[in-house]
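Here's the letter readout for the chains.
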Amino acid sequence: MHRRGRLAALAVLTGVWLLASGPAAAAHGALQSSEPAGGSSLERAPAAVTLRFTERPDPGLSTVRVLDSSGRVVAGGPARPVAGRPLELRVPAAGLPAGGYTVSWRIISAVDGHRTDGVFGFGVGAAGAPRLPASQAVAEVRTGPELAPMAVAGRWAYYWGLTLLVGAAATWWALARPAPGNPPSRRPAGRMRLAVPAGGAALVALGLAGGGGMAVHALAGHAAGPSSLRVLNLLAQWVHLVAVGVWIGGLAWLLAGLRQHALAGSARAVVVRFSKLAGISLAVVVATGVVRTVDELGGWARLADSGFGRALDLKLVLFAGLVALGAFNRYRLVPLFEAGAGRRAVTRLRHSVGGELGLAAAVLAAAALLSQLAPGVPAGPPVRSEPVTPVLAASGADWATTVKVTLTVTPGAAGPNRFTAVVADFDSGTVLPADRVELSGTPASHPDLGTARLELTEAGDGRWLGQGRMLSLAGRWNLTTTIQRPAGGITVPLAIDVPPPAPS
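Residues numbered from 1 in each chain as written. Predicted model: local features only at pLDDT ≥ 70, side-chain atom pairs only at ≥ 80, totals over all residues. Heavy atoms only, no water.

For the rest of this paragraph, the subject is the pattern of salt bridges. Between side chains of opposite charge, a pair can form as their charged atoms come close. One pass over the full model with this rule turns up six salt bridges. In this structure, the salt-bridge partner of Arg52 is Glu88, at a minimum N-O distance of 3.3 Å. Placement of Arg52 in strand E3 (residues 48-53) and of Glu88 in strand E7 (residues 85-92) is noted, with a sequence separation of 36 residues between them. Residue classification places Glu88 among the buried residues on the basis of a relative accessible area of 10%. Between Arg436 and Glu438 there is a salt bridge, and its shortest N-O distance comes to 3.2 Å. Assessed through its relative accessible area of 27%, Arg436 is described here as partly exposed. Here Glu438 falls in the buried class, since its relative accessible area comes to 9%. (Salt bridge = Lys/Arg side-chain N within 4 Å of Asp/Glu carboxyl O. Helix = DSSP H or I, 4+ residues; strand = E, 2+ residues; numbered from the N terminus. Buried < 20%, exposed > 50% of the residue type's maximum accessible area, 1.4 Å probe, protein only.)

In structure tokens:
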């Protein structure tokens, strides 16, 4: 198999892997804070429940509900915007009696149109448990819809469309347009046309349309988020997209032209000029990409502990391979082609450019995945707790029956609880090491509430501990324990019946 075929196969496999095993999409409009804070206990009922998000929600399409421990809605409905605070929504909640309450929210981001939902709990009066730090609210409410493969595939195709339009126009304008006063129909015979229509005005118009589409995409993406540098972020994102179009889109048209005019003298000149244009575009892509990465990621540690960061890791690896192959073409194959080294050099260049396009397709797939993930949302620090006598217990195993999880919950009623999980080998019962353990779940009677999440902290003796109001409603809860180990991720399903809180 030629190198081009191997790289194309790699691109296809990478795309399939991205769609099949990409991390769950975290919320674009993530909950930043709330009043009351998630997990808090209040002496008296709040006048209202206020939620602050990382992106501006659309009040007309967003809802916030407050439920008591039995699952009955006691406050809420269509969310009300807070005057002068576009990131906040509020619902009145005065007059709530003592007890435990669940806040269920669902928003549509006014920035990128993505839907986000989540739940958290708080207590009023004696029914509320010991006060938890406000940071726990953000840690245990990290929710969002599952990654949609068709959405990623659609975004990938959209990127290709804009890239090809901009690449065709930019390549024609810089390399193949006729000299002033020499219309396309009078161009010398044998002049390489890069397999694009000779109508320059129409082509430039399509390129401008593609650039406009990239501007709209930037306005609807992460770069449009609230920031004192919003204008600069948008400009950097747009320039980044245009440079990608000139570089990768131009490669596609160059390859098509090479197949038709491989040995023409004009072809050799165009290849050399395009190589220089691609080098400039690559420098712009790298510079603007670094600017956007620093802004979106929120710290280099996020490269390892967030879904957005891990997807970015993959994109960077693929991009490094693309740059290496481009450098090989520029400094090894293009000089041979320019010197007229013969058909073999032409064939090698065609195959290598085809390989570049294969890697570029994988890079665009990773970019499409990143567009569906939340950038730089840090996880709040979980709360450590001391060992206590358990009231509720559940255990389960993964589908291959290699790992067993035992979960204990205290005091074991709807409301605030302490959680202890032990991850062990299914056969021997030996405690297994893990890098990360997270609980997630929904009440069986209210699947529309979204998914509550609680990240556990390693205690050092094989136990993983956490504290919070994850089990805020009475009834059966369907839980999933997500375990990250050096060998990969494992999920273990659990089910637990949660009684209502004891009368105060």
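So, on to the sheet that holds E3. The strand order across the open sheet formed by four strands is E1-E3-E7-E6, and the pairing between neighbours is antiparallel. Since the sheet does not close on itself, it has two edges, and those belong to strand E1 (31-35) and strand E6 (80-82), each with one partner. Sheet twist, expressed as the average angle between the axes of neighbouring strands with direction ignored, equals 30 degrees. Of the pairings in the sheet, the one linking E1 to E3 comprises four bridges and is antiparallel in character. Pairing of Glu35 across the sheet is with Thr50, part of E3. (Pairing = 2+ DSSP bridges. Axes fitted to C-alpha atoms, helices over the stretch in contact; angles between N-to-C directions.)

Within the largest apolar cluster, 47 residues are counted, with the highest numbers of intra-cluster contacts made by Trp247, Ile248, Val271, Leu349 and Leu357. Here the element with the most residues in this core is helix H9 (residues 343-370); it accounts for 14 residues. Those residues in contact with Trp247, other than ones at most four positions away along the chain, are Phe274, Ala278, Ser281, Leu282, Val285, Phe319, Leu322 and Glu356. If you look at the next biggest cluster of nonpolar residues, it comprises 32 residues, including Leu449, Ala452, Met470 and Leu471. (Core = buried A, V, L, I, M, F, W, Y, C linked by side-chain atoms within 4.5 Å. Contact = heavy atoms within 4.5 Å.)

What follows concerns the environment of Leu456. Note on placement: Leu456 falls in the loop between strand E14 (452-455) and strand E15 (457-458). Through-space distance from the C-alpha of Leu456 to that of Leu439 is 7.4 Å; in sequence the pair is 17 residues apart.

Considering every residue of the chain, the mean pLDDT works out to 74; 72% of them sit at 70 or more. Within the chain, no element has a lower average pLDDT than helix H2 (residues 135-140), which sits at 34, and none a higher one than E15, at 90. Across residues 127-146, confidence stays below pLDDT 50; counting only partners more than four residues off in sequence or on other chains, it has 69 contacts. (pLDDT = per-residue confidence, 0-100.)

Of note, the bond from Glu35 into Pro36 is cis; its omega dihedral lies within 30 degrees of zero at 5 degrees. Mapped onto the secondary structure, Pro36 falls in the loop between E1 and strand E2 (41-42). Omega for the peptide link from Thr410 to Pro411 comes to 5 degrees, which places this bond in the cis form. Turning to its location among the elements, Pro411 is positioned in the loop between strand E11 (403-410) and strand E12 (417-425).

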